Amino acid sequence: MAKVLMKGNEAIGEGAVRAGCRYFFGYPITPQSELPHYLAKRLPEVGGVYLQSESETAAINMVYGAAGAGARVMTSSSGPGISLMQEGISYLAGAELPCVIVNMIRGGPGLGNIAPAQSDYFQATRGGGHGDYRVIVLAPASVQEIIDLMRLAFDLADRYRNPVMVAGDGILGQMMEPVELGEEEDVQIPPRPWAATGRMGGEKKLINSLYIVPEELEQHNLKLARKYALIASKEQRWEEYRLDGARLVLVAFGTVARICKAVVDRCREEGLAVGLIRPITLWPYPQKAFEPLMGKVDSFLVVEMNLGQMVEDVRLAVNGRHPVHFYGRCGGMLPVAADVVQEVKKLYGGGGN
Amino acid sequence: MKKVFTRPRSLKDIPTHYCPGCTHGIVHRLVAEVIDELEIFDRTIGVAPVGCSVFAYNYFDCDMFQASHGRAPAVATGIKRVLPDRVVFTYQGDGDLAAIGTGEIVHAAARGEKFTVIFINNAIYAMTGGQMAPTTLLGQKTTTTPYGRDKDINGYPIKISEMLSVLDGTAYVARVSVHDPAHVIKARKAIKRAFEVQLAGLGFSLVEVLSACPTNWGLSPAEALKWLAENMIPYYPLGEYKKPAEVG
Amino acid sequence: MASARVTFREERCKGCGLCVIFCPKGIIALAEHINGMGFHPATVKDQSKCTGCATCARMCPDLVIEVEREVTRVG
């Protein structure tokens, strides 16, 4: 089948529709507004509902209602809007509702700017909202991967009855790349006996996260914890790039990983044994990717568009066995490949300790 | 002999946690009676708020959602857009609807969302310990207005029914009271009209029910109903503020 | 012979007293004893005077009261 040129933000929408999503509630915010524009046109074509909400707080609660009513539903936003959604995300996790939340990360904190960033990693993977919960976080690095991960996002959300976040950035949202869309299939949404759709002669269903008796809330939290442990054991995803014989391993996600692939190639041309681990799930963090490298590499260099967030997860995975260095740009600035190569050269062979 | 007054099926036969004389009990029953009478129990979905009535999700025996504070209209929007043939209602207090939830209620009303809102106005925040509500009257003493609500500090109480009736998306807005049997009967009629408006697909419907909070007002149940009639009704006039021609 | 009968579920009553003040015949009072919740439950002093108007049940917040009445067929 012929490839089609698609913009990242639109690919998110098309990927969602092809995954069987028929409901979108959201509020405009740069740099993801092309996504709601696309879905405003596309969803009515497939008998779905696109509704512009009055705020992000309203949007995430509309998602809660739609998910509890049994629908495949999503929303999207960027940093400040995702911040507004945090209470709602905590409720979704507590009530075990499946849904997909897209964050096209921009410069922060506060109003920041509209340029790309990766500075919402903590917010995405460390709760963001209140309470003991986790959100599965997927980080695409190409427009094709966006299409593929949108399907995975909805499937994982249903499989585990959990919110799933897809974390991109403004570059990914704006870039245009050829994608293989594949045949449109009639997606069978898994049945939801727990959805509150009206009793219709059956048992009462309740969508709720309140457990006023502490013993009951403890049991509920332990149940969630068992779910998260299962997800962590089964759903870690990552890509390895030229790790063979690597002495220094770069770790990066999303757009920065693409830049780092160029860095790896340039270093290898100059005879430096450099490779890359690209996490695809930011939560559960792909700790399994690091185990085979222990004792075989010298050090790690984590490259991010923030001032050091994912690097903490790398340090946890490496657990003190090797030095873990960091290089970052922030405020919407991109790491430049030549600068990262310089950083690699400084550290290669044990320098910079 | 025939039973002329019995418990409605739509309310679960369990004791409630509400205080003695709390009018939540009366209003829960009225909503349940209407659901029974209209024979919509099997396709009704309710959304409970945060506040004393958070456990409404236990008391109403239909499918229920518990929503975050103020967001019930957004949750109800999500439900109704996915399941347009179901009957959806929210049950909200004055903090939930008139403070933190003003954005959601105004926009749900403006969009003409086809669900029904039962708005309990007791001029106070009860569950959290008797603080001032947006609907607290001038001069009224609460735990956060110990000297009486002062317009220079806290401004004026909000009149929700008047405000929302201005929006084109609202099909039915009524303010009622439950302070005596005659008004309880009228309140039931208004609640029934509100659900009928939803069933006819005419748009957004809301019934504001002036209610009593004996515990936080520091009055006996009987005194509280008297206080409601003498103080709240003059500021919050009863009546149907918006009514479509099609419904009674 | 009374034309109506009210039944009070004492264990559900919170002694709020609304039925007492609103009964048009004044036949309801709070009992001397207390129920399992610690409240003085409402009770009917004189069933023979009950007309089955259901005002008590209508004002009760706790579904304590059921009302029965003779229903005479017309025609």
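Right above here is the structure, for reference.
Residues numbered from 1 in each chain as written. Chains lettered and ligands numbered in written order. Predicted model: local features only at pLDDT ≥ 70, side-chain atom pairs only at ≥ 80, totals over all residues.

Asks: Which residues make up the overall build of chain B, and what values go with them?
Replies: For chain B, the helix and strand inventory stands at ten helices and eight strands. Sorting the 248 residues of chain B into buried and exposed places 59% on the buried side. (Helix = DSSP H or I, 4+ residues; strand = E, 2+ residues; numbered from the N terminus. Buried ≥ 20, exposed ≤ 12 C-beta atoms within 10 Å, placed from the backbone.)

Asks: Explain helix H1 (residues 8-18) of chain A to me, using residue names and the numbers behind them.
Replies: An α-helical turn contains 3.6 residues, so a residue and the one three or four places further along point in the same direction. Residue and element names in this part refer to chain A. Counting buried positions over the eleven residues of H1 gives ten, a clear majority of the element. Buried within H1 are the following residues: Gly 8, Asn 9, Glu 10, Ala 11, Ile 12, Gly 13, Glu 14, Gly 15, Ala 16 and Val 17. At the C-terminal side of H1, Gly 20 shows a positive phi close to 95 degrees.

Asks: Can you lay out the packing of helix H9 (residues 254-269) of chain A against helix H11 (residues 337-347) of chain A for me, pointing to particular residues and giving the numbers?
Replies: Axis angle and axis distance: for two packed helices, these are the angle between their axes and the distance between the axes, and together they describe the pair. Residue and element names in this part refer to chain A. Where H9 contacts H11, the two axes come as close as 9 Å, and the packing angle between them is 55 degrees. Here H9 lies oblique to H11, going by the angle between them. Regarding H9 and H11, the two cross each other, and that crossing is right-handed. Where H9 abuts H11, its residues Ile 259, Cys 260, Ala 262, Val 263, Arg 266 and Cys 267 lie against Ala 337, Val 340, Val 341 and Val 344. Classifying every residue of the contact of H9 with H11 gives nine nonpolar, no polar and one charged. (Axes fitted to C-alpha atoms, helices over the stretch in contact; angles between N-to-C directions. Parallel < 35°, antiparallel > 145°, perpendicular 65-115°, else oblique. Left-handed = near helix turned anticlockwise from the far one by under 90°. Contact = placed C-beta atoms within 7 Å. Nonpolar A, V, L, I, M, F, W, Y, C, P; charged D, E, K, R; others polar.)

Asks: I'd love a proper account of the interface of chain C and chain B, names of residues and values included.
Replies: Contacts between the two partners involve 25 residues from chain C, matched on the other side by 24 residues from chain B. When contributions to the side of chain C that touches chain B are tallied by element, the ones reaching two or more residues are helix H1 (18-22), helix H2 (55-59) and strand E4 (65-69) of chain C. Here the side of chain C that touches chain B is built from residues that sort into twelve nonpolar, four polar and nine charged. Here strand E1 (residues 2-5) of chain B runs beside E4(C); their pairing, made up of three bridges, is antiparallel. Bridge pairing in E4(C) places B:Phe5 opposite C:Val67. (Pairing = 2+ DSSP bridges.)

Asks: Before we move on, could you go through the nonpolar core and cite the residues and values that matter?
Replies: A:Val100, A:Ala153, A:Leu250, A:Cys260, B:Ile118 and C:Cys56 are the most contacted members of the largest nonpolar core, which totals 212 residues. It is helix H6 (residues 143-160) of chain A that contributes the most residues to this core, ten residues altogether. Two domains each put at least three residues into this core: domain 1 (4-234) and domain 2 (239-347) of chain A. Here A:Val100 is in contact with A:Ala16, A:Met74, A:Ala153, A:Phe154, A:Ala157, A:Val164 and A:Val166, once residues within four sequence places are set aside. (Core = buried A, V, L, I, M, F, W, Y, C linked by C-beta atoms within 7 Å. Domains from an automatic or database assignment.)

Asks: Any details on the interface of chain A and chain B? Residues and values, ideally.
Replies: Interfaces are frequently sized by the accessible area removed from exposure as the parts join. Taken together, the contacts link 34 residues of chain A with 28 residues of chain B. The set of elements that each furnish at least two residues to the side of chain A that touches chain B consists of strand E2 (23-26), strand E3 (49-52), helix H3 (56-68), helix H4 (79-94) and strand E9 (206-207) of chain A. Counting residues per element, the side of chain A that touches chain B draws most heavily on H3(A), at nine residues. Counted by class, the side of chain A that touches chain B contains 17 nonpolar, twelve polar and five charged residues. Both E9(A) and strand E3 (residues 63-66) of chain B contribute to a ladder of two bridges, which runs parallel. The residue bridging A:Ile207 from the neighbouring strand is B:Phe65, located in E3(B).

Asks: Could you give an account of the pairing of strand E2 (residues 44-48) of chain B, naming the residues involved and the relevant values?
Replies: Residues and elements named next belong to chain B. The buried count for E2 comes to five of five residues, which makes it a mostly enclosed element. Burial along E2 is two-sided: Thr 44, Gly 46 and Ala 48 facing one way and Ile 45 and Val 47 facing the other are all buried. Across four bridges, E2 lies against E3 in parallel orientation. Residue Ala 48 lies in a different strand from E3, and its bridge partner there is Gln 66.

Asks: Summarise the packing of H3(A) against helix H3 (residues 72-82) of chain B; cite the residues concerned and give the values.
Replies: Closest axis-to-axis distance for the H3(A)/H3(B) pair is 6 Å, and the angle between their directions is 45 degrees. In terms of their interaxial angle, H3(A) and H3(B) are classed as oblique. As H3(A) runs across H3(B), the sense of the crossing is right-handed. Residues A:Ala58, A:Asn61, A:Met62, A:Val63, A:Tyr64, A:Gly65, A:Ala66 and A:Gly68 of H3(A) touch H3(B), and the partners they reach there are B:Ala74, B:Val75, B:Ala76, B:Thr77, B:Gly78, B:Ile79, B:Arg81 and B:Val82. Of the residues assigned to the contact of H3(A) with H3(B), the class counts are ten nonpolar, five polar and one charged.

Asks: Tell me what's going on with the sheet that holds strand E1 (residues 4-8) of chain C, and back it up with residues and numbers.
Replies: Taken in spatial order, the three strands make up an open sheet running E1(B)-E4(C)-E1(C), and their pairing is antiparallel. Every interior strand has two partners, whereas the edge strands, E1 of chain B together with E1 of chain C, have only one. In this sheet, neighbouring strand axes are inclined to one another by 30 degrees on average, regardless of whether the strands run parallel or antiparallel.

Asks: Quick rundown of the environment of B:Glu223? Include the residues and the values.
Replies: Residues and elements named next belong to chain B. Topologically, Glu 223 is positioned in helix H10 (residues 221-235). For Glu 223, a count of 14 C-beta atoms within 10 Å gives the class partly exposed. In this structure the C-alpha to C-alpha distance between Glu 223 and Gly 78, which are 145 residues apart in sequence, comes to 41 Å.

Asks: Explain unusual backbone geometry to me, using residue names and the numbers behind them.
Replies: Note that the residue after A:Thr30, namely A:Pro31, is joined by a cis bond; omega there is 10 degrees. The omega torsion of the bond from A:Trp283 to A:Pro284 falls at 0 degrees, within 30 degrees of zero and hence cis. Along the chain, the position of A:Pro284 falls in the loop between strand E13 (281-283) and strand E14 (299-304). Phi is positive for A:Glu96, close to 55 degrees, though the residue is something other than glycine. Relative to the elements of secondary structure, A:Glu96 occurs in the loop between H4 and strand E5 (99-105). On the neighbour-count criterion, A:Glu96 (21 C-beta atoms within 10 Å) is buried. The backbone of C:Ala54 shows a phi angle near 70 degrees, a positive value even though the residue is not glycine. On the basis of neighbour counts, which here come to 21 C-beta atoms within 10 Å, the residue C:Ala54 falls in the buried class.

Asks: Explain the environment of A:Cys267 to me, using residue names and the numbers behind them.
Replies: All names here are of chain A. Locating Cys 267 in the fold gives a position in helix H9. A C-alpha to C-alpha distance of 9.7 Å links Cys 267 and Gln 342, two positions 75 residues apart in sequence. The residues contacting Cys 267, other than those within four sequence positions of it, are Leu 272, Val 274, Val 341 and Val 344.

Asks: Could you give an account of the sheet that holds strand E5 (residues 116-121) of chain B, naming the residues involved and the relevant values?
Replies: Strand order in the open sheet formed by eight strands is E9(A)-E3(B)-E2(B)-E4(B)-E5(B)-E7(B)-E6(B)-E8(B), with mixed pairing between adjacent strands. Edge positions in the open sheet fall to E9 of chain A together with strand E8 (239-242) of chain B, since each of these has one partner strand only. Of the pairings in the sheet, the one linking strand E4 (residues 87-93) of chain B to E5(B) comprises five bridges and is parallel in character. Following the sheet pairing, B:Tyr91 is matched in E5(B) by B:Ile118. Across the face of the sheet, helix H1 (residues 24-37) of chain B comes into contact with E2, E5 and strand E7 (204-210) of chain B while running at roughly 165 degrees to E5(B).

Purely geometric numbers; function is a separate question.
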